[in-house]
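Coordinate inspection notes
If you want the building blocks of each chain, they are given just below.
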Amino acid sequence: MKVSGKNSESSEEFSQETSTVNDTFIESMDVFDMTEEKAQKIIEGLDISADAKSLLLTFSKATIRVGSQIIKIGRKILEFVSQLFLDYPSASFGMIFGAIAGFLVASIPILGVVLGPIFTPLAILLGLVSGLSQDFKDKALARRVAEINAKFNPLKG
């Protein structure tokens, strides 16, 4: 199945043929508990700069095409992050977001092209790099982040 995405800054398109993406994966990525309005409300409620909120909003609108299906991958990631934030309230939103998005951007070629230009400045703004290892001491949270990242494995190709 063909998976493609577009870099929001450079308009560079990336596409890859993969046999690991199946209908089950597409269905799981296309079902949302979070509406776009709820995502926007969560972002607006964060205690971060207006620039970081704007970048998160842009991130939440990122999409990829899998076959003929458009997947709102940014909102799906934000949904996972929000759920983890509710499950682990002592962890910071930025740390959870950085852990999930960082792993995805680093390991999945298509998501790297689509989300990389948005994620990089966002990670810098949220100050994730310096505090990530210390905040990640909660092993249950680390396992949960790994589980969520595994859900995106079919995109690795």
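How each quantity is defined
Residues numbered from 1 in each chain as written. Predicted model: local features only at pLDDT ≥ 70, side-chain atom pairs only at ≥ 80, totals over all residues. Heavy atoms only, no water. Phe/Tyr/Trp six-rings, centres within 6.5 Å; stacked < 30°, edge-to-face > 60°. Lys NZ or Arg CZ within 6 Å of the ring centre and 35° of its normal. Salt bridge = Lys/Arg side-chain N within 4 Å of Asp/Glu carboxyl O. Helix = DSSP H or I, 4+ residues; strand = E, 2+ residues; numbered from the N terminus. Buried < 20%, exposed > 50% of the residue type's maximum accessible area, 1.4 Å probe, protein only. Pairing = 2+ DSSP bridges. Axes fitted to C-alpha atoms, helices over the stretch in contact; angles between N-to-C directions. Parallel < 35°, antiparallel > 145°, perpendicular 65-115°, else oblique. Left-handed = near helix turned anticlockwise from the far one by under 90°. Contact = heavy atoms within 4.5 Å. Nonpolar A, V, L, I, M, F, W, Y, C, P; charged D, E, K, R; others polar.

1. Some remarks on the packing of aromatic side chains
Enumeration over the complete set of coordinates arrives at 1 aromatic pair. Note that Arg75 overlies the ring of Phe32, its terminal NZ or CZ placed 3.9 Å from the centroid. Sitting above the plane of the Phe32 ring, Lys76 keeps its charged end 5.2 Å from the centroid.

2. Some thoughts on the pattern of salt bridges
Inspection of the entire model under this criterion finds 4 salt bridges. With a shortest N-O distance of 3.4 Å, Lys72 and Glu36 are connected by a salt bridge. Of the two residues, Lys72 sits in the loop between β4 (69-71) and α4 (73-87) while Glu36 sits in helix α2 (residues 36-45), which places them 36 residues apart along the sequence. By relative accessible area, Lys72 is classed as partly exposed at 34%. Look at Glu36 and you get partly exposed, because its relative accessible area is 38%. A salt bridge links Glu36 to Arg75, with the nearest nitrogen and oxygen atoms 3.5 Å apart.

3. Considering the pairing of strand β2 (residues 13-17)
Here 5 bridges tie strand β1 (residues 2-6) to β2, and the two strands are oriented antiparallel to one another. Paired with Gly5 across the two strands is Phe14, which belongs to β2. Where β1 folds back on β2, the antiparallel hairpin that results is connected by 6 residues, among which Ser11 adopts a positive phi of roughly 65°.

4. A short note on the sheet that holds β1
The sheet built from 4 strands is open, its strands ordered β2-β1-β3-β4 with antiparallel pairing. The open sheet is flanked by β2 and β4, the only strands paired with a single partner. The sheet shows a mean angle of 20° between the axes of neighbouring strands, taken without regard to direction. Relative to β4, strand β3 (residues 64-66) runs antiparallel, the two being bridged by 3 bridges. Following the sheet pairing, Ile64 is matched in β4 by Ile71.

5. Comments concerning the packing of α4 against helix α8 (residues 139-151)
The N-to-C vectors of α4 and α8 enclose an angle of 160°; their axes lie 11 Å apart at closest approach. One way to sum up the angle between α4 and α8 is to call them roughly antiparallel. Handedness of the α4/α8 crossing: right-handed. Residues Phe80, Leu84 and Asp87 of α4 touch α8, and the partners they reach there are Leu141, Arg144, Val145, Ile148 and Lys151. Looking at side-chain class alone, the contact of α4 with α8 contains 5 nonpolar, no polar and 3 charged residues.

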